[in-house]
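# Descriptive analysis of the structure
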Amino acid sequence: MIRSKNISSLLVFVIILIMLNIIAANFFTRLDLTEDQRYSLSSAAKEIVDDVDSPIIINVFLKGSFPSEFRRLKEETRQMLEEFAAYNSNIKFNFIDPLAEGDDANAIAEEFYKLGMTPARLNVQENGKNSETIIFPWAIANFEDKTVKIPLLKNQIGASDEERVNSSVQQLEYAFADGLNKLIYPREKKIAVMRGNGELPDARIADFIKTVQEYYFLAPFTLDSVASNPQKTLEDLKSYDLVIEAKPVIPYSEKEKYVLDQYLMNGGKMLWLAEMTSMENDSLFNERGSALALPRNLNLGDYFFSYGLRINSELVNDLYSAPIILASGTGNETRFNPYPWYYSPLTSSMANHPIVNNIEAVKFNYANPIDLLENDLEKTVLLSSSPKTKLEGVPLQIGLDIIGSKPVMESYNAGEQPLAILLEGNFKSVYRNRLKPFETTHLDNSKNTKMVVISDGDVIKNDLQQGKPLELGFERYTGMTYGNKEFLLNTVNYLLDDSGLVDVRTKEINLAFLSMDKVAAQREMWQIIAIGAPLSLLALFGAALTYLRKRRYIR
């Protein structure tokens, strides 16, 4: 009877265990108990992951011996990928140590660099000693016959390792969601890269074009045919979702402006990188070491005025700026040295907007201030100069001789100057109640649309090395990488309503790091505690056990 009851209890226990396993298999869930919900995927990321219907293999090169801060990046990356894999089992990942076979670290780093994955060289301080180590903060995602590179570490100017890791962890979800987005979705939207008004040549915008081509179709578009067939030019332009004007220098005719105006009225999106002064760093490198900054007339004053802004023919002189690089010496003795150059503002933003959230400083060159005018459009200042700014009118003689002079602090009182503006809403036509340059179906008011105006064309301009384009924002002589490409890519994504991916960037994650100063100061104390506490507890347990045994046997 007792045996029968035991068997029945065992069967009931087994059945309950099987049912619990079935329930767990069909109703699997993960609980994120962190305050900032760092391990919960956003709705935009979930939509992308839902569409993964074939295996995606992600290889992460974050395995090996790292400084403590970067071990945190490795673990956070693993946990983020576990969340992706838990949501869709088609996502699989591996962690790989590129130096596992003992190969030369510099040779492996060179291979990564050739593949477009720049390694990170870190100065590590442990136990009072400094050393250098190389890590490879990259992942490669493979889907069918496609491959995409995913950067895992953000470079931030002047940031500590803790700040870089914290910023990188905030971008992990975006980095992987963006990589999956490139792999599984075909390109649909079209961008017109404008030509014919002296815009930057292809080589100077090559890196940004290459980056944007991963998301959208791009094609050059010229307004030359406006003179002979303006209506056809307008109809052709309407087939594009976005227009990019990258530093035009030739004035626009009224017909060209009217085409661009009516393109906007029909719901087109626009990205303007236009400046109203003429000045380049290359002009300084002559025998005199100086050049004259002049006003530039693009015949766009009324155009921007109608939309609620004005780009002024003044130069922004900002104490918070990027250096200018000057060469000294000859031949093998040549040295490239950075010097303060206040005409290259490093812009920041107080706006809580997905375009500029958590991006690095954006480098400008000879930027113009923008005035905002009253109208019904919603305006957002995306980037501005620092509070320590002054404005200088043109014509203005600028020379390298100012490098050694100390700035007059009292003159830097113009405050923050807007340099990049987002306009959203229903625009009013420039040619409302005006004579039209040619006959077409005219619209006085636009559909709901967007425009971004940046008062410096050099923001999109990449440097060249031996005729080949470098990464946009990368300064080869200092090793600095500015946030130009990230800012412009976010801008294009936002203008084309790929706001889901951009919104992932707004996620705020705060990591707690050890204070290395306290670790060094309290190292011996914690070593004693770590070794002595277990031994003390063991001794106490042994003494208590001996006492209890003696007491038991005495009785």
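Model, not experiment: these values are computed from the prediction. (Residues numbered from 1 in each chain as written. Predicted model: local features only at pLDDT ≥ 70, side-chain atom pairs only at ≥ 80, totals over all residues. Heavy atoms only, no water.)

## Observations regarding the sheet that holds strand β12 (residues 290–295)
Overall, antiparallel pairing links the three strands, which are arranged β11-β12-β22 in an open sheet. At either margin of the open sheet sits one strand with a lone partner, and together these are β11 (277–278) and β22 (396–399). Examined bridge by bridge, β12 and β22 share four bridges and lie antiparallel to one another. By the bridge assignment, Ala-293 is partnered in β22 with Leu-396. (Pairing = 2+ DSSP bridges. Helix = DSSP H or I, 4+ residues; strand = E, 2+ residues; numbered from the N terminus.)

## Focus: the nonpolar core
As a rule of thumb, soluble globular proteins bury nonpolar side chains together. Ile-454, Phe-487 and Val-492 are the most contacted members of the largest nonpolar core, which totals 39 residues. Those elements that place two or more of their residues in this core are β7 (190–195), α7 (206–212), β9 (242–246), β10 (269–273), β20 (378–384), β23 (418–428), β24 (445–454) and α11 (484–495). Broken down by element, the residue count for this core peaks at six residues, all from α11. In this structure, Val-492 is in contact with Ile-191, Phe-208, Val-212, Tyr-216, Leu-242, Ile-244 and Leu-271, ignoring residues within four places of it in sequence. (Core = buried A, V, L, I, M, F, W, Y, C linked by side-chain atoms within 4.5 Å. Buried < 20%, exposed > 50% of the residue type's maximum accessible area, 1.4 Å probe, protein only. Contact = heavy atoms within 4.5 Å.)

## Here's the deal with a nonpolar patch on the surface
On the surface, Ile-7, Leu-11, Val-12, Ile-15, Ile-16, Met-19, Leu-20 and Ile-23 cluster together into a nonpolar patch covering about 760 Å² of accessible area. For Ile-16, the location among the structural elements is in helix α1 (residues 2–26). (Patch = residues over 30% accessible without salt bridge, like charges linked within 9 Å, V, L, I, M, F, W, Y side chains within 5 Å. Areas by Shrake-Rupley, 256 points an atom, 1.4 Å probe, with all protein chains shown as cover. Salt bridge = Lys/Arg side-chain N within 4 Å of Asp/Glu carboxyl O.)

## Concerning the pairing of strand β1 (residues 56–60)
Burial analysis of β1 places four of its five residues in the buried class, which makes it a mostly covered element. Across five bridges, the pairing between β1 and strand β5 (residues 138–143) is antiparallel. Across the sheet, residue Ile-58 finds its bridge partner in β5, namely Ala-141. Bridging between β1 and strand β2 (residues 91–95) involves five bridges; their strand directions are parallel. From the neighbouring strand, Val-60 faces β2, where its bridge partner is Phe-95.

## What about the environment of Asn-484?
With respect to the helices and strands, the residue Asn-484 is situated in helix α11. With 10 residues separating them in the primary sequence, Asn-484 and Phe-474 have C-alpha atoms 9.0 Å apart. Other than its neighbours up to four places away in sequence, Asn-484 contacts Ala-361, Val-362, Lys-363, Asp-458, Val-459, Leu-472 and Gly-473. Polar contacts involving the side chain of Asn-484 include one to the main-chain amide nitrogen of Lys-363, which spans 2.9 Å. (Polar contact = N/O pair within 3.5 Å; in protein donor to acceptor, adjacent residues only side chain to side chain.)

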